[in-house]
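As a plain string of letters, each chain reads:
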Amino acid sequence: MSPHTVIRLALTLVPSGTGTRITAMFVMTAIDDIGDTLLSDFDITICEQLFKPGFLMLDHYLRTGKMLAGTEAAAQAATHDV
């Protein structure tokens, strides 16, 4: 995320009906005073925007078994909710 913070992303995938359910857990940790300031202004909508292309790519792969290009995921992220 930055030289001042560390992020841990844990993904859990479980069968759900005929598909797969994914749960994401983010843990963001400041490693200095600048990181404390960055995280104090951080909210979930920023996090959603940062990771939206990656989640779209993962969703596409789980549904189709094929990779979605990062450029296509970024374009979709601008117009789709996750």
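Residues numbered from 1 in each chain as written. Predicted model: local features only at pLDDT ≥ 70, side-chain atom pairs only at ≥ 80, totals over all residues. Heavy atoms only, no water.

Participant: How should I be thinking about the confidence of the model for the chain in this particular structure?
Facilitator: Detailed reading of the predicted model is not advised wherever pLDDT is low. Predicted confidence across the chain gives a mean pLDDT of 87, with 96% of residues reaching 70 or more. The element-level mean pLDDT for the chain is lowest in helix α2 (residues 44-64), coming to 86, with helix α1 (residues 33-40) highest at 92. (pLDDT = per-residue confidence, 0-100. Helix = DSSP H or I, 4+ residues; strand = E, 2+ residues; numbered from the N terminus.)

Participant: Explain a nonpolar patch on the surface to me, please; I cannot follow it from the model alone.
Facilitator: A surface patch of nonpolar side chains, about 660 Å² in accessible area, is lined by L9, L11, L13, I22, Y61, L62 and M67. Only β1 (5-16) and α2 provide two or more residues apiece to the nonpolar patch. Sorting elements by how many residues they give to the nonpolar patch places β1 first, with 3 residues. Take M67: it is sitting in the loop between α2 and α3 (70-77). (Patch = residues over 30% accessible without salt bridge, like charges linked within 9 Å, V, L, I, M, F, W, Y side chains within 5 Å. Areas by Shrake-Rupley, 256 points an atom, 1.4 Å probe, with all protein chains shown as cover. Salt bridge = Lys/Arg side-chain N within 4 Å of Asp/Glu carboxyl O.)

Participant: Teacher, can you tell me more about the side chain of T5 here?
Facilitator: Structurally, T5 can be placed in strand β1. Separated by 3.3 Å, the side chains of T5 and S2 make a polar contact. (Polar contact = N/O pair within 3.5 Å; in protein donor to acceptor, adjacent residues only side chain to side chain.)

Participant: Help me understand the packing of α2 against α3, please; the structure alone is not making it clear to me.
Facilitator: Geometry of a packed helix pair, given as the angle between the helix axes and the separation of the axes. Running from amino to carboxyl end, α2 crosses α3 at an angle of 115°, the nearest separation of the two axes being 8 Å. In terms of orientation, α2 lies roughly perpendicular with respect to α3. Considering how the two elements wind past one another, α2 and α3 form a crossing that is right-handed. Between α2 and α3, the contacting residues are K52, P53, L56 and M57 on the first element and G70, A73, A74, Q76 and A77 on the second. Residues belonging to the contact of α2 with α3 are distributed by class as follows: 6 nonpolar, 2 polar and 1 charged. (Axes fitted to C-alpha atoms, helices over the stretch in contact; angles between N-to-C directions. Parallel < 35°, antiparallel > 145°, perpendicular 65-115°, else oblique. Left-handed = near helix turned anticlockwise from the far one by under 90°. Contact = heavy atoms within 4.5 Å. Nonpolar A, V, L, I, M, F, W, Y, C, P; charged D, E, K, R; others polar.)

Participant: Even after reading the chapter, I still don't get the environment of I34, so can you show me in this structure?
Facilitator: Here I34 shows up in helix α1. Along the backbone, I34 and T5 are 29 residues apart, and their C-alpha atoms lie at a distance of 8.5 Å.

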